[in-house]
Amino acid sequence: MTSMEKSSSASSLGPLGLDIAQSFFKPIQQAAPPSPTKRHTKISVIGVGNVGMAIAQTILTQGLIDELALVDVNPDKLRGEMLDLQHAAAFLPRTKILASVDYSVTAGSDLCIVTAGVRQGSGESRLNLVQRNVKLFSCIIPQLAHSSPDSILLIVTNPVDVLTYVAWKLSGFPSNRVIGSGTNLDSSRFRFLIADHLDVSAQDVQAFIVGEHGDSSVALWSSISVGGVPILGFLENQQITFSKETLENIHKEVINSAYEVISLKACTSWAIGYSVASLARTILRDQRRIHPVSILAKGFYGIDGDEVFLSLPVQLGRSGVLGVANVHLTDEEAQRLRDSAEIIAQVQSQLNVTNLDIS
């Protein structure tokens, strides 16, 4: 199927479809060619459901890229989403928007964001759902790797930790260029709840959720700070009593918040859109910020043995994962993180993922 990048309002407005773009402007004489160092930045989003389009829309409003490619299996919805975004051109930074069911449209991408996934059927087990997504990824990832061999893969589809591992195996990419959105959004929810308790801006709260993007995630209470003030140390110094149960309830609220949103509006979209757009900005602008995202965790924080992807506080930049921050963990936090890794490893052991072909 051909690319859909041209809408009916292309530049062929002259008689007999003559392209008038070349004659509309008088060229500058003896103009120098563009600088060879000028980058053309491109992102591809795979899957144009609620999450994929929230990510695409947020990225467009931030002026991060020169070109956006959309891919989906539904050509009508795909073209409709492309046209809807193109029609907002007067209100957005100039960006070329392409769309196709053919993965060749993603060629030359700097970042490929995968949101496509199959929906859980009535009565279907989580394990069977995961296995069907593995099968879907075996169609998606090799094509992305072929079209954009130097790109960074950012996986959003759930269960994100297992599927990021699958994408790594299928792509043959070095592990620093395969990242899962992980607990970046969980940590934002965590920061919001703490900020709400203290009546401060969430941007002044430093707090991480790490481990699995799921029920076994770990809240790093020992390293939380607000405006540079370590929160637990402050409470102890002020002799303000707090219970461990109170802390656990806040963490449970983080875990349950996604379920609550889904029960109310059938999906989550805007928060994950902003979360992934923040990752895209950090990566493409080489901002070297620290985000809790899913990476190959073997060798960090005492996680040995199985190759698992889970979220750790990671420095991101133009080449993907630059390093893992040495955040101090209590013995309990470190053990919970290892337990989370073991849970992910158990899920992987039940799947047909160990014999994936590496491109």
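Residues numbered from 1 in each chain as written. Predicted model: local features only at pLDDT ≥ 70, side-chain atom pairs only at ≥ 80, totals over all residues. Heavy atoms only, no water.

- Per an unreviewed UniProt entry, the protein chain goes by the name L-lactate dehydrogenase and belongs to Vitis vinifera.
- Regarding the protein chain, the relevant UniProt record gives this comment under Sequence similarities (unreviewed entry): "Belongs to the LDH/MDH superfamily. LDH family."
- What the UniProt record of the protein chain gives under Catalytic activity (unreviewed entry) is the line "(S)-lactate + NAD(+) = pyruvate + NADH + H(+)". (UniProt positions renumbered as here; feature names shortened; annotations may be inferred.)

## A short note on the packing of helix H6 (residues 184–198) against helix H8 (residues 244–265)
Part 1 of the reasoning: Direction vectors running N to C along H6 and H8 enclose 130°, while the axes themselves pass 9 Å from each other. Comparing the axis directions of H6 and H8 gives the class oblique. Note that H6 runs across H8; the crossing there is right-handed. Counting all contacts with H6, which are made through Asp186, Arg189, Phe190, Leu193 and His197, the residues of H8 involved are Ile250, Glu253, Val254, Ser257 and Ala258. (Axes fitted to C-alpha atoms, helices over the stretch in contact; angles between N-to-C directions. Helix = DSSP H or I, 4+ residues; strand = E, 2+ residues; numbered from the N terminus. Parallel < 35°, antiparallel > 145°, perpendicular 65-115°, else oblique. Left-handed = near helix turned anticlockwise from the far one by under 90°. Contact = heavy atoms within 4.5 Å.)

## Re the nonpolar core
For soluble globular proteins, nonpolar side chains are generally found buried alongside one another.
Part 1 of the reasoning: Ile43, Leu70, Ile113 and Ile141 are the most contacted members of the largest nonpolar core, which has 88 residues in total.
Part 2 of the reasoning: Per-element accounting of this core gives the leading share, 8 residues, to helix H5 (residues 160–171).
Part 3 of the reasoning: When residues are assigned to domains, this core turns out to be shared by domain 1 (39–180) and domain 2 (183–350), each giving three or more.
Part 4 of the reasoning: Ala195, Ile224, Val226 and Val254 belong to the second largest nonpolar core, which has 17 residues in total. (Core = buried A, V, L, I, M, F, W, Y, C linked by side-chain atoms within 4.5 Å. Buried < 20%, exposed > 50% of the residue type's maximum accessible area, 1.4 Å probe, protein only. Domains from an automatic or database assignment.)

## Here we look at the UniProt feature "binding site: NAD(+)" (unreviewed entry) in the protein chain
Part 1 of the reasoning: In the numbering adopted here, UniProt assigns the feature "binding site: NAD(+)" (unreviewed entry) to Gly47, Val48, Gly49, Asn50, Val51, Gly52, Asp72, Asn133, Val156, Thr157 and Asn158.
Part 2 of the reasoning: The residue valine 48 is located in the loop between strand S1 (42–46) and helix H2 (50–61) in this model.
Part 3 of the reasoning: The contacts of valine 48, once residues within four sequence positions are left out, are Met53, Leu70, Val71, Asp72, Lys77, Leu78 and Glu81.
Part 4 of the reasoning: For glycine 49, the location among the structural elements is in the loop between S1 and H2.
Part 5 of the reasoning: The partly exposed category is assigned to glycine 49, whose relative accessible area is 34%.

## Here we look at the UniProt feature "active site" (unreviewed entry) in the protein chain
Part 1 of the reasoning: Using the residue numbers shown here, the UniProt feature "active site" (unreviewed entry) corresponds to His213.
Part 2 of the reasoning: Relative to the assigned elements, histidine 213 resides in the loop between strand S8 (209–210) and strand S9 (218–219).
Part 3 of the reasoning: Aside from chain neighbours lying at most four places away, what touches histidine 213 is Asn158, Val160, Asp161, Gly182, Thr183 and Asp186.
Part 4 of the reasoning: Within the local environment of histidine 213, its side chain forms a polar contact with the backbone oxygen of glycine 182, the two atoms lying 3.3 Å apart. (Polar contact = N/O pair within 3.5 Å; in protein donor to acceptor, adjacent residues only side chain to side chain.)

## As for unusual backbone geometry
Part 1 of the reasoning: Of the consecutive residues asparagine 158 and proline 159, the connecting peptide bond is found in the cis state with omega at -5°.
Part 2 of the reasoning: The topology assignment puts proline 159 in the loop between strand S5 (152–155) and H5.
Part 3 of the reasoning: Located in the positive-phi region is aspartate 199, a residue other than glycine, with phi close to 60°.
Part 4 of the reasoning: On the basis of relative accessibility, which here comes to 72%, the residue aspartate 199 falls in the exposed class.
Part 5 of the reasoning: Despite not being glycine, arginine 288 has its phi angle at roughly 55°, a positive value.
Part 6 of the reasoning: Locating arginine 288 in the fold gives a position in the loop between helix H9 (270–284) and strand S12 (290–296).
Part 7 of the reasoning: You can call arginine 288 partly exposed: its relative accessible area is 46%.

## Details of helix H3 (residues 75–86)
Part 1 of the reasoning: Relative to the 16 Å expected for 12 residues at 1.5 Å per residue, H3 spans 16 Å between its end C-alpha atoms, a close match to the ideal helical length.
Part 2 of the reasoning: Taken together, the buried positions of H3 are occupied by Leu78, Glu81, Met82, Leu83, Leu85 and Gln86.
Part 3 of the reasoning: In the core, the buried residues of H3 are packed alongside H2, strand S2 (67–71) and strand S3 (96–100).
Part 4 of the reasoning: Two or three places before aspartate 76, at the opening of H3, asparagine 74 has a side-chain oxygen 3.2 Å from that residue's backbone nitrogen. (Expected span 1.5 Å × (residues − 1).)

## A look at the pairing of strand S14 (residues 320–324)
Part 1 of the reasoning: In this structure, strand S13 (residues 309–317) lies alongside S14, joined through 4 bridges in antiparallel fashion. By the bridge assignment, valine 314 is partnered in S14 with valine 324.
Part 2 of the reasoning: Between S13 and S14, which pair antiparallel one after the other, the connecting turn spans 2 residues. (Pairing = 2+ DSSP bridges.)

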